[in-house]
Amino acid sequence: MKKTVLFDLDGTLTDSSEGIVNSVRYMLEKKGLVIPDEATLYSFIGPPLTETLSKLYDLTENESQEAIAIYREYYSEKGIKQLDVYPGIIELLTELSTIYNLAIATSKPEVFANRVIRETGLSKFISHIFGADLAGERSKKQAVIAYALKELENKSTIMIGDREFDILGAKANHLKSIGVLYGFGDRKELVEAGADIIVEKVEDIPDAAKEAFFM
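I will try to describe carefully the structure that is included in this document.

Here is what the cut-offs are and how they apply
Position labels on residues start from 1 in each chain and follow its written sequence. A pLDDT threshold of at least 70 governs which residues receive local features in this predicted model, and a stricter bar of 80 or more applies before side-chain atom pairs are shown or counted, although totals over entire chains, interfaces and linings include all residues. Side-chain descriptors were evaluated using all non-hydrogen atoms of the structure, hydrogens and water having been removed beforehand. To qualify as a helix, a DSSP run of H or I must reach at least 4 residues; to qualify as a strand, a run of E must reach at least 2; elements of each kind are numbered from the N terminus. For the radius of gyration, the atom set is restricted to C-alpha positions; the globular benchmark scales as 2.2 Å times the number of residues to the power 0.38. For every residue, the accessible area (1.4 Å probe, protein chains only) is compared with the maximum for its type, and the residue is labelled buried under 20%, exposed over 50%, or partly exposed between those bounds. Only heavy atoms matter for contacts: two residues are in contact if any of them lie within 4.5 Å across the pair. Positive charge is attributed to Lys and Arg, negative charge to Asp and Glu, and no charge count is given to His or to the chain ends. We put the charge of a Lys on NZ, of an Arg on CZ, of an Asp on CG and of a Glu on CD. In this scheme Phe, Tyr and Trp rings, the latter by its six-membered ring, pair at centre separations within 6.5 Å, and the angle between planes marks the pair as stacked below 30 degrees, edge-to-face above 60, and tilted otherwise. Summarising the geometry, the arc corresponds to the directions from the helix axis toward the C-beta atoms. Here an axis means a line fitted to C-alpha atoms, over the contact stretch when the element is a helix, while the angle between two N-to-C directions is reported on a 0 to 180 degree scale. Convention used here: angles under 35 degrees read as roughly parallel, angles over 145 as roughly antiparallel, angles from 65 to 115 as roughly perpendicular, and any remaining angle as oblique. Crossings are sorted by hand: turned counterclockwise from the far helix by less than a right angle, the near helix makes the crossing left-handed, and turned clockwise it makes it right-handed. Classification convention: Asp, Glu, Lys, Arg as charged; Ala, Val, Leu, Ile, Met, Phe, Trp, Tyr, Cys, Pro as nonpolar; all other residues, Gly among them, as polar. In this scheme, a helix's expected span is set at 1.5 Å multiplied by one less than its residue total. At least two DSSP bridges between two strands are required for those strands to pair.

**A word on the overall build of the chain**
Point 1. When its secondary structure is counted, the chain shows 10 helices and eight strands.
Point 2. Its C-alpha atoms give the chain a radius of gyration of 16 Å, near enough to 17 Å, the size a compact globule of 215 residues would have.
Point 3. A principal-axis box enclosing the C-alpha atoms of the chain has dimensions of 50 × 35 × 30 Å.
Point 4. Within the span of the chain, comprising 215 residues, buried residues form 52% of the whole.
Point 5. A separation of at least 24 residues holds for 65% of the contacts in the chain among residues at least 6 apart in sequence.
Point 6. Side-chain charges of the chain comprise 25 positive and 35 negative groups, with the mean position of each set lying 4 Å from the other.

What follows is the structure, given as structure tokens:
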């Protein structure tokens, strides 16, 4: 059985910042909430939306779900198309797919993750896509990774992502993790979360993956 590499999606394989930020702006405007500065808008990328809405606006669970429904109005029609695959990712996945089983573990709803992977042409490299459910019962990265591991039944697995949520989710599931610096996180965040390896460039990932599996 091939070893498995779990990839985060937003900020790791795709630069989805434009579509997510535009969807957040749309949601906040329709809800009559203050639109924050650019850096704070970018903080919506990665964690579950309910978590960020509660932290920034003190919304209740019901209020957050109403806001998320508005977010998805824009995202499902426009935001999902406003992204780019990072340079070098096609070459990376081409190389790694000959050695490992490649799968996605994302806090993005699985239905949207499937669309992104299909429409960006990455589906030929990816065996499985694991994401959040629309009801919000499986939204945190820890839960998504646990779901992935249960479905894959593969004990030899590592996680690659750009945010602390990826690293902490991997640790909670006893996986080695690789943090990438070209996405939406930074070195301080990844170090504090406990990433086993941190890489700067897409081209550094194959060697890092090999190293992680032998840790």
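**Focus: the packing of aromatic side chains**
Point 1. All chains considered together, the criterion is met by seven aromatic pairs.
Point 2. Between the aromatic rings of Tyr26 and Tyr74, the centroid separation amounts to 5.4 Å while the plane-to-plane angle is 40°, which identifies the pairing as tilted. Taken together, the residues Tyr26 in helix H1 (residues 17-31) and Tyr74 in helix H4 (residues 61-77) connect sequence positions 48 residues apart.
Point 3. We classify Tyr74 as buried; its relative accessible area is 15%.
Point 4. Measuring from ring centre to ring centre gives 5.3 Å for Phe130 and Tyr147, while their planes differ by 85°; the resulting arrangement is edge-to-face. Highlighted residues: Phe130 in strand S5 (residues 128-132) and Tyr147 in helix H7 (residues 141-152), separated in sequence by 17 residues.

**Overview of helix H5 (residues 89-96)**
Point 1. Listed as buried for H5 are Ile89, Leu92, Leu93 and Leu96. Each buried residue of H5 lies within a common arc of 90° when the element is viewed along its axis, so the set occupies one face.
Point 2. Looking at the buried side of H5, the elements it contacts are strand S1 (4-7), strand S3 (84-85), strand S4 (101-109) and helix H10 (205-213).

**A closer look at unusual backbone geometry**
Point 1. A positive phi angle, near 55°, is found at Asp58, a position not held by glycine.
Point 2. Tracing the chain through its elements places Asp58 in the loop between helix H3 (49-57) and H4.
Point 3. Of note in the backbone geometry, His174 takes a positive phi value of approximately 60° without being a glycine.
Point 4. Positionally, His174 belongs in the loop between helix H8 (164-172) and strand S7 (176-180).

**A word on the packing of H1 against H4**
Helix packing for two helices is described by the angle between their axes and how far apart those axes are.
Point 1. Remark: H1 packs on H4, axes separated minimally by 8 Å, with the N-to-C direction vectors making an angle of 130°. The angle between the axes of H1 and H4 places the two elements in the oblique class. Of the two possible hands of crossing, H1 and H4 adopt the one that is right-handed. When H1 is examined against H4, the residues Gly19, Ile20, Asn22, Ser23, Val24, Tyr26, Met27, Lys30 and Lys31 are found in contact with a partner set consisting of Glu63, Glu66, Ala67, Ile68, Ile70, Tyr71, Glu73, Tyr74 and Tyr75.
Point 2. Tallied by class, the residues present in the contact of H1 with H4 amount to 10 nonpolar, three polar and five charged.

**Examining H7**
It helps to recall that an α-helix has 3.6 residues per turn; residues three or four apart then point in one direction.
Point 1. For H7, which comprises 12 residues, the first-to-last C-alpha distance of 16 Å matches the rise-based estimate of 16 Å (1.5 Å per residue) to within 8%.
Point 2. Among the residues of H7, those classed as buried are Lys141, Val144, Ile145, Ala148, Leu149 and Leu152. Mapping the buried residues of H7 onto a view down its axis gives an arc of 135°, with all of them on the same face.
Point 3. Of the surrounding elements, those touching the buried residues of H7 are S1, S4, S5, strand S6 (157-161) and H8.
Point 4. Looking one or two residues past H7, Glu153 carries a phi angle of roughly 50°, positive in sign.

**Quick word on the side chain of Ser64**
Point 1. Among the structural elements, Ser64 can be located in helix H4.
Point 2. If sequence neighbours within four positions are ignored, Ser64 has contacts with Thr50, Leu53 and Leu59.

**Some thoughts on the sheet that holds S4**
Point 1. Strand order in the open sheet made by the six strands is S5-S4-S1-S6-S7-S8, with parallel pairing throughout. Looking at the sheet topology across the chains shown, the edges are occupied by S5 and strand S8 (197-199). Looking at each pair of strands side by side, their axes are set apart by 20° on average, direction ignored.
Point 2. The pairing of S4 with S5 spans four bridges and is classified as parallel. Looking at the pairing, Ala103 lines up with His128 of S5.
Point 3. Here helix H6 (residues 110-119) sits on the sheet and contacts S4 and S5; the angle it forms with S4, its principal contact strand, is near 130°.
Point 4. Lying on the sheet, H8 is in contact with S6 and S7; it crosses S7 at an angle near 175°.

As far as function goes, none of this settles anything; it's purely spatial.
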